[in-house]
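Each chain, letter by letter, is given below.
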Amino acid sequence: MLLYTVFMLTDAERLESLKEAESLLANFVAPGQIIMAIEKKMGLKKGSLVGRKRTHAKCVGRSIFVKRMRAIGYSYPEIGEWLKRDHSTIIHLDKVFKA
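Since this is a predicted model, take the numbers as computed values, not measurements.

Colleague: Any chance you could explain the overall build of the protein chain here in plain terms?
Modeller: In terms of regular secondary structure, the protein chain is built from 6 helices and 0 strands. Element order for the protein chain, N to C, with α for helix and β for strand: α-α-α-α-α-α. Taking contacts inside the protein chain between residues at least 6 apart in sequence as the whole, the part at least 24 apart equals 45%. Of the roughly 7400 Å² of accessible surface on the protein chain, 62% is carried by carbon and sulfur atoms.

Shown next as C-alpha cells:
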C-alpha cells in the first residue's frame, strides 16, 4: 500500500519528500556519538557510561544521555539497550534527574 502511494505522488511531492528526508538525516546524531561526546566533555573514560559503576559523574552523564535521547524521540527500551540497562532504570533516571 505504501509503495503504491509513493508512485501516486507528483514529481513536486516526491521532491518535497526527498528534501524532508535529507533534512532529517542531516540533523541526525547517532547515539554512540552522543555517548562519546558526553564522556569527552565530562572527562570520563571511553565506555564508562555503559559500565556498571555508579559514581556521581557517570550517573549525571547517563541522565544527560537519557534526556537527549528522549528529546530526539527514542523510547525507554531503546535507550536501555544503549546503556545496557532495563527500561525501568531509564524511566527512573528520566524522572529523578531533571535537566
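Colleague: Help me understand unusual backbone geometry, please; the structure alone is not making it clear to me.
Modeller: What you tend to see is this: most non-glycine residues have negative phi, and most peptide bonds are trans. Backbone geometry at Lys84 places phi at a positive 55 degrees, although glycine is not the residue there. The topology assignment puts Lys84 in the loop between α5 (76–83) and α6 (87–96). Since its relative accessible area comes to 58%, Lys84 is described here as exposed.

Colleague: Just checking my understanding: could you explain helix α4 (residues 56–72) for this structure?
Modeller: Counting along an α-helix, one turn takes 3.6 residues, and residues three or four places apart therefore face a common direction. Here α4 spans 25 Å end to end across 17 residues, near enough to the 24 Å set by a 1.5 Å rise per residue. When α4 is considered as a whole, its buried residues turn out to be Lys58, Cys59, Gly61, Arg62, Ser63, Phe65, Val66 and Met69. Tucked into the core, α4 has its buried residues touching α3 (31–42), α5 and α6. Two residues or fewer past α4, Gly73 is found with a positive phi of approximately 120 degrees.

Colleague: Where do I start with the packing of α4 against α6 in this structure?
Modeller: Geometrically, a packed helix pair is captured by the angle between its two axes and the distance between the axes. Put simply, α4 and α6 touch, their axes get as near as 9 Å, and they point 95 degrees apart. On the basis of their axis angle, the class for α4 and α6 is roughly perpendicular. Taken together, the residues of α6 that come into contact with α4 (itself represented by Cys59, Arg62, Ser63, Val66, Lys67 and Arg70) are Ile90, Leu93 and Asp94. Considered class by class, the residues forming the contact of α4 with α6 number 4 nonpolar, 1 polar and 4 charged.

Colleague: Sorry if this is basic, but what is going on with the packing of α5 against α6 here?
Modeller: The N-to-C vectors of α5 and α6 enclose an angle of 100 degrees; their axes lie 8 Å apart at closest approach. When the axes of α5 and α6 are compared, the pair comes out roughly perpendicular. Counted together, Tyr76, Pro77, Ile79, Gly80 and Leu83 of α5 and His87, Ile90, Ile91 and Asp94 of α6 form the full contact between these two elements.

Cut-off values and rules
Starting from 1, residues in each chain are numbered consecutively following that chain's sequence as written. For a predicted model such as this one, the threshold for reporting local features is a pLDDT of at least 70, and the threshold for listing and counting side-chain atom pairs is 80 or more; totals across whole chains, interfaces and linings nevertheless cover every residue. Side-chain metrics rest on all non-hydrogen atoms present in the structure, leaving aside hydrogens and water. A helix here means a DSSP run of H or I that spans at least four residues, while a strand means a run of E at least two residues long, and both kinds are numbered starting from the N terminus. Residue contacts are counted whenever heavy atoms from the two residues lie within 4.5 Å of one another. Per-residue and other accessible areas were derived by the Shrake-Rupley procedure at a 1.4 Å probe size, with only the shown protein chains allowed to occlude residues. To sort residues, take the accessible area from a 1.4 Å probe on protein chains only and compare it with the maximum for the residue type: under 20% means buried, over 50% means exposed, and anything in between is partly exposed. A helix is expected to span 1.5 Å multiplied by its residue count minus one. Interaxial angle, 0 to 180 degrees, is taken between N-to-C directions of lines fitted to C-alpha atoms, where a helix line uses only the stretch in contact. When describing relative orientation, an angle under 35 degrees is termed roughly parallel and one over 145 degrees roughly antiparallel, while 65 to 115 degrees is termed roughly perpendicular and anything else oblique. Any residue that is not Ala, Val, Leu, Ile, Met, Phe, Trp, Tyr, Cys, Pro, Asp, Glu, Lys or Arg is counted as polar, Gly included; the first ten are nonpolar and the last four charged.

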